[in-house]
Amino acid sequence: MSLNQANKFGFVINPSRLIDYDSSDRKVRDYVTLREPSFKLCFACGGCTAACTAGQHTSFNLRRMITYIRRGEIEPLRDEVTRCMLCGKCLLVCPRGVNTRNVVAVTAEAISKLDRNEL
Amino acid sequence: MNSEFFITPFNLGLYFILIYSVVRSTVWFRNLSRSDKLRLQRGFFGRPFMDSLREIFMESLLHRKIFRKNPVLGYMHMSLAFGWFLLIVFGTIEADFFGEKHLNPPSHAIFFRWFNPEHGAEGFARIYNVWMDLLLAFILSGLLLAVIKRFIPGMVGMKKRTRHTWTDRVALISLWLIFPSRLFAESFTCGAHGSGSFLTGNLGAALASFLPAAEIAPWFWWLYSLSLGIFFLLLPVSRYFHIPIELFLIFMRNSGINTGDRSSSYTEVQTHACSSCGVCISVCQMSYAAGINDIQSVYFIKGLRNDRDIAAITANCLMCGRCEEVCPVGIELGPMRLIERRQGEREDGTLRLAGKYSLMRKRSSIEKIPTQSYGYLVREEPQKADVLFFAGCMTHLTPSVIVAMKKIMESAGVKYRFMDEKGGVCCGRPLMLAGRDREARELINHNSDIIWKSGAQILVTSCPICYKVFRESYYLDATVMHHSEFINLLIEEGSLRLGYLHKKVVYHDPCELGRGSGIYDEPRAVISYVAELQQASQERNMSLCCGGSLGNLTLSSDKRALIAADAARTLTMSCPDELITACPLCKKTFVQSTKTKVSDIAELVAAALPRPAVKAVKKRATRAAVKATGNS
Ligand code: SF4
Ligand code: SF4
Ligand code: SF4
Ligand code: SF4
Ligand code: SF4
């Protein structure tokens, strides 16, 4: 409601991007780093996102997903991770040699493990 | 005389293995699907049966395929299998013919010399003896090779040898002991009685000259019987189980049973039919180019057999299919791996001895839990078209291929619609390769819907990965063509006029197009039409994988680069002007690892189009093209 009202004045209040390290959950990050070490190499250039097949149909964004993982923000990750088609275009454009497809696959695995309390 | 104790271990082993085989094959048969049962029953009466018998003779006894690959290894297998077979056959005839009565128990044939020590002094029996000795010598020569191979693998031309478990080792030792102990047992008996032919007779005489032959002989008969008995007892839990199982496999395959997409008795039979010959190791690029030596098919199969947790091995493979191409047993290694990839998580159930004897493995068969979902895709109404062009996602990363295809189709006057011009949806094959079939179905349904609604008669794609899945997993009315096939068709029907490029080129068969879909000739026809095609040292069904394969989810980029560099080096050995491929992924991968210019077949053809845009020959090419495929 407050957002709409703010709009009347020509302003938009962005959702807070404050990272709360107390609520950050590193389990997924640790799991992904262990299973796909090349995850660490990503320097957030966004090449993958520009090439992404799924990204042409929906708001999926691999770079953002990687950021979520790194920050330990699990909630937005849940939905994000389901959208990738594993097509592999991102793999070919990544300048850092991140095994992007496996990052997605392993993250999805981590989430479902988290839901089953196995992580 | 018949009450010799030493035959007991042999008899025990023999009757155990006979009963076990019958029970186990019955269980397998019962677990076949209804249609497969029917196939097998039909196969038993008719041509498949004769084919199977011939194949068993050529492959299981003579080992023709291994022979072709490696004559020394072939001789080794043949002398052991065929030699032993002949020894049993002629031994049985001998016992029947020369023994005191007909229809003897098997032990009489096996221990014939013990029961008839004086036999073979003159006449026909003497000649028969020479023959039996020859057979024994034949087997022993093969055994000698086997021993050499075990300790110095390089001598027999094997690059790598396979690793063994302890049951394998005990079985191996007992197998190795069988024939030497027979040699000495017969020789000592012959030496004591002054009988025997060139081998047993001479050796026997020599040994008897300084040893108490009559006393020593029983010990070797014991050893002979024990090694046979132990070998038979361990057979079902050792790698040698493949010998009887391969016969089942041949019967099943010739009856028309194939792996399909779920585990069954047939996958179970295939797991046990692997002879651990190691042929698949030496062709695997993961091994010789990337130095990864624990994922090859032989280890994959061994893991299945021992019920290990092999998820990592299963995933780390290019799915290039080279190993399947050379496997002398003909195991469908690709489909087997895919079935395993579909598996959800499972425990590592490293089998104890008793478990290995169990009749039917209960590997869990829970499918992976779906993690992806594509509810966000919007179905659009496509425009009608006779020819639908689907570039494929990868092709969008090589825009020059799309430009070339557009030029070619325009020049030939093809009226087409570009299905994924504004970015399409993945064909689903990468998901299937990752063992996510259920999610792939969503994409397949989405794309199928568009293709059906477009009313297309021909679906042209530039990506072999898409090509394979369109052909195999989509239910379509349209004829699916890879662009190399389509260009070939345009050339053949005369709607494409091309010049000749004075270039020497070499062609790389993409895995999914060549081995995966059996398209070898059309690309070559197209290339030879516009340029000079050189031969590559590894081509057609043995072509290399570029290393970029989407079949491998876990392989790191530096390992991929090693494979790509090695493949590019092999392909450009003859210093061609251009390296031609027919897959955007191969192109992308090779570009980074060779100095030679890499082009797609479409780009090569586009370069051969006449320069000034002459009026395209509009002979209603589309109609003709449609008619030519017999689908109008
Ligand atoms: S694999 Fe997933 S993230 Fe990468 S380009 Fe394809 S859809 Fe996008
Ligand atoms: S292209 Fe590679 S480095 Fe760039 S954001 Fe994507 S994963 Fe990270
Ligand atoms: S899979 Fe085939 S090639 Fe490989 S070891 Fe087994 S039988 Fe030999
Ligand atoms: S499919 Fe290719 S990569 Fe996989 S094991 Fe066979 S040869 Fe090696
Ligand atoms: S197979 Fe590869 S190139 Fe073809 S549509 Fe799927 S992801 Fe794209």
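Our subject in this report is the structure included herewith. Position numbers for residues count from 1 along each chain, tracking the sequence in the order it is written. Note on labels: chains are lettered from A, ligands numbered from 1, in written order. Reporting in this predicted model follows two pLDDT cut-offs: at least 70 for local features of residues, and 80 or more for side-chain atom pairs to be given and counted; totals over whole chains, interfaces and linings ignore these cut-offs and use all residues. Think of the side-chain values as coming from all heavy atoms in the structure, minus any hydrogens and water.

Regarding the pairing of strand 1 (residues 387–390) of chain B
In summary, the side chains of a regular strand alternate between the two faces of the sheet. All names here are of chain B. Our working rule: A 1.4 Å probe rolled over the protein chains alone gives each residue an accessible area, and that area as a share of the maximum for its type sets the label: buried under 20%, exposed over 50%, partly exposed in between. Going along the chain from the N terminus, every DSSP run of H or I of four or more residues is numbered as a helix, and every run of E of two or more is numbered as a strand. One requirement defines pairing of two strands: DSSP has to find at least two bridges between them.
With burial as the criterion, each face of strand 1 is covered, one bearing Val 387 and Phe 389 and the other bearing Leu 388 and Phe 390. Summarising the sheet, strand 1 and strand 2 (residues 416–418) pair through 3 bridges and their orientation is parallel. Paired with Leu 388 across the two strands is Arg 417, which belongs to strand 2. When strand 1 meets strand 3 (residues 458–461), the two strands line up parallel, connected through 4 bridges. Across the sheet, residue Phe 389 finds its bridge partner in strand 3, namely Val 460.

Quick notes on the sheet that holds strand 1 of chain B
Either a parallel or an antiparallel arrangement is found when strands of a sheet pair, and the pairing is made through backbone hydrogen bonds. All names here are of chain B. Test applied: Whenever a helix is involved, its axis is fitted only over the stretch in contact; in every case the axis is a line through C-alpha atoms, and angles between N-to-C directions fall within 0 to 180 degrees. Throughout, a contact is declared for two residues whenever any of their heavy atoms are within 4.5 Å.
Judged by pairing direction, the sheet is parallel, and its 4 strands sit side by side in the order 2-1-3-4 without closing on themselves. Single-partner strands in this sheet number two, and they are strand 2 and strand 4 (479–482). On average, adjacent strands in this sheet sit at an angle of 25° to one another, irrespective of strand direction. Each of strand 1, strand 2 and strand 3 is contacted by helix 22 (residues 399–411), which is oriented at about 165° to strand 2, the strand it contacts most.

Side note on the interface of chain B and chain A
A common measure of how large an interface is: the accessible area buried when the components associate. Convention followed: The term buried area denotes the loss of accessible surface (1.4 Å probe radius) that occurs when two parts are joined, taken as the sum for both partners. In what follows, salt bridge is the name for a side-chain nitrogen of Lys or Arg lying within 4 Å of a carboxyl oxygen of Asp or Glu. Note on residue classes: Ala, Val, Leu, Ile, Met, Phe, Trp, Tyr, Cys and Pro are nonpolar, Asp, Glu, Lys and Arg are charged, and everything else, Gly too, is polar.
Listed per partner, the contact involves 30 residues of chain B and 28 residues of chain A. Both faces combined, the contact of chain B with chain A buries some 2400 Å², and carbon together with sulfur accounts for 60% of it. Between the two partners, chain B and chain A, sit 0 salt bridges. For the side of chain B that touches chain A, the secondary structure elements donating two or more residues are helix 21 (393–396), helix 23 (429–433), helix 28 (557–571) and helix 29 (584–591) of chain B. Ranked by residue count, the leading element in the side of chain B that touches chain A is helix 21 of chain B, at 3 residues. In terms of residue class, the side of chain B that touches chain A is made up of 17 nonpolar, 9 polar and 4 charged.

Re the side chain of Thr 200 of chain B
Residues and elements named next belong to chain B. Heads up, the condition is: Whenever a nitrogen or oxygen atom comes within 3.5 Å of another N or O atom, the pair is scored as a polar contact, on the condition that within protein one atom can donate a hydrogen and the other can accept it, and that pairs from neighbouring residues in sequence are kept only if both atoms are in side chains.
The topology assignment puts Thr 200 in helix 10 (residues 200–208). A polar side-chain atom of Thr 200 sits 3.5 Å from the main-chain amide nitrogen of Ser 197. Those residues in contact with Thr 200 that sit more than four places away from it in its chain are Asp 133, Leu 183, Glu 186, Ser 187 and Cys 190.

A closer look at the site of ligand 1
Which entries qualify depends on this criterion: Put simply, a residue is near a molecule or strand once any heavy atom of it comes within 4 Å of that molecule or strand.
Neighbouring ligand 1 are Cys 52, Thr 53, Ala 54, Phe 60, Cys 84, Met 85, Leu 86, Cys 87, Gly 88, Lys 89 and Cys 90 of chain A. In terms of residue class, the shell around ligand 1 is made up of 8 nonpolar, 2 polar and 1 charged.

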